[in-house]
Amino acid sequence: MKRHYPPGTTPLSSPEEYLEHWRRRDELNEQDRRLTERYRSLKKENPKLAEKVMEELQALTRRQNAMLTEYADRLPIWLHSRCPFCGEPLYWKIDPFDLDGDWWHWRGIQGEWIIPPTCPHLFCVDGALNLEEHQPTEVQRRVVWMASEVPFVKPRLLELGNVIAVIHRLPQKIAGRYTGYPVVYFGNPRPPLSEGSLGWARTEYYDENGMWLIIYDVQDYDLDKWIAARKVCWLAPDDPEHPLVCGLPEDYPFRDVPGRQRPYTIEKGQVWHGYPADGRTGGP
Ligand SMILES: [Zn+2]
Ligand SMILES: [Zn+2]
């Protein structure tokens, strides 16, 4: 199994370790708030002292960034998919502890999150998150952007040539109560990344040059025609090995998943409509 933890890294493996990590993070954030306030009040009347406070703030920012990197390095890496062209499993980072962690936030898109692709066919890691009718009250720090509660495909991506979507249901719950459905697109050949789409819990995607792009792709929940055309496969949910299945429409195992069939956001524990999935683009 390929699990790309950096050397010497201990993955976060229990809710207690996770809480301890966030206790340290929140402490630094609180210091940041206090120092920023102090800097503002000193700026006019005592610029010399203000400059000292600024230096402290900069040192604090370095510690905060180091903690973010530590979080990213220690995130668990789970099986998300299997390439239908070469069979390589795709292991990907995830924060299974809490929706308030950076992984779930729209800005959580820096290099720290990227795991080297396991095969040349990997195109886009998308997904759905089913809240299972729970109120996600723990989301307080920032905003979560989600494409859907029910697994879906983006027809535009499937029509980019030899592209196949693979749907998986993560066997362990997120935060003990939500269900994650990675929807991963593979291409042979893989289309250019500029033709890609927003990834799971992301509001931007990147081309080969690192340029960010936005598109609110149309989402299709009627998967039968795609399955019949061999454009949608899945991982067998009940087999502990989760092998790849490219089967008949009637065998599709996630047919009756209830929930929101549209983008939603979570802010301060409340669920709202996201931007409609109408094909609109945004951009730099
Ligand atoms: Zn492959
Ligand atoms: Zn399993």
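What counts, and where the lines are drawn
Residues numbered from 1 in each chain as written. Chains lettered and ligands numbered in written order. Predicted model: local features only at pLDDT ≥ 70, side-chain atom pairs only at ≥ 80, totals over all residues. Heavy atoms only, no water. Donors = N, O, S within 2.8 Å, 3.2 Å for Na, K, Ca; no water. Helix = DSSP H or I, 4+ residues; strand = E, 2+ residues; numbered from the N terminus. Buried < 20%, exposed > 50% of the residue type's maximum accessible area, 1.4 Å probe, protein only. Salt bridge = Lys/Arg side-chain N within 4 Å of Asp/Glu carboxyl O. Domains from an automatic or database assignment. Contact = heavy atoms within 4.5 Å. Polar contact = N/O pair within 3.5 Å; in protein donor to acceptor, adjacent residues only side chain to side chain.

(A) Broad picture of the coordination of the zinc ion (ligand 1). Looking at the metal site, the zinc ion (ligand 1) is ligated by Cys83 (SG), Cys86 (SG), Cys119 (SG) and His121 (ND1), spaced 2.1 to 2.4 Å from it. Mapping the donors of the zinc ion (ligand 1) onto the primary sequence gives the spacing C-x2-C-x32-C-x1-H. In this pair, cysteine 86 sits in the loop between β1 (77-82) and β2 (89-93) while cysteine 119 sits in the loop between β2 and β3 (122-130), placing the two residues 33 residues apart along the sequence. Judged by relative accessible area, cysteine 119 falls into the buried class, the value being 6%.

(B) Representation of the pattern of salt bridges within the structure. In this structure the tally under the stated criterion is 20 salt bridges. With a shortest N-O distance of 2.9 Å, glutamate 27 and arginine 23 are connected by a salt bridge. In this pair, glutamate 27 and arginine 23 are both assigned in helix α1 (residues 15-42), four residues apart and thus about one turn of the helix distant. Arginine 33 is the partner of glutamate 30 in a salt bridge, and the nearest nitrogen-oxygen pair spans 2.7 Å. Placement of both glutamate 30 and arginine 33 in helix α1 is noted, with a separation of three residues, approximately one turn of the helix. For arginine 33, a relative accessible area of 52% corresponds to the exposed category. Among the charged side chains, a salt-bridge network with shared partners connects Glu17, Arg24, Glu70 and Arg74.

(C) Structural detail: the domain arrangement of the protein chain. Examined at the domain level, the protein chain breaks down into domain 1 (15-73) and domain 2 (119-282). A straight line from the C-alpha centre of domain 1 to that of domain 2 covers 35 Å.

(D) Representation of the environment of lysine 231. Secondary-structure assignment places lysine 231 in the loop between α4 (224-228) and β9 (232-235). You can call lysine 231 buried: its relative accessible area is 15%. For the pair lysine 231 and proline 155, spaced 76 residues apart in sequence, the C-alpha separation works out to 9.8 Å. Setting aside residues no more than four positions away along its own chain, lysine 231 makes contact with Leu158, Gly161, Asn162, Val163, Ile164, Ala165 and Trp226. At a separation of 2.9 Å, a polar atom in the side chain of lysine 231 contacts the main-chain carbonyl oxygen of valine 163.

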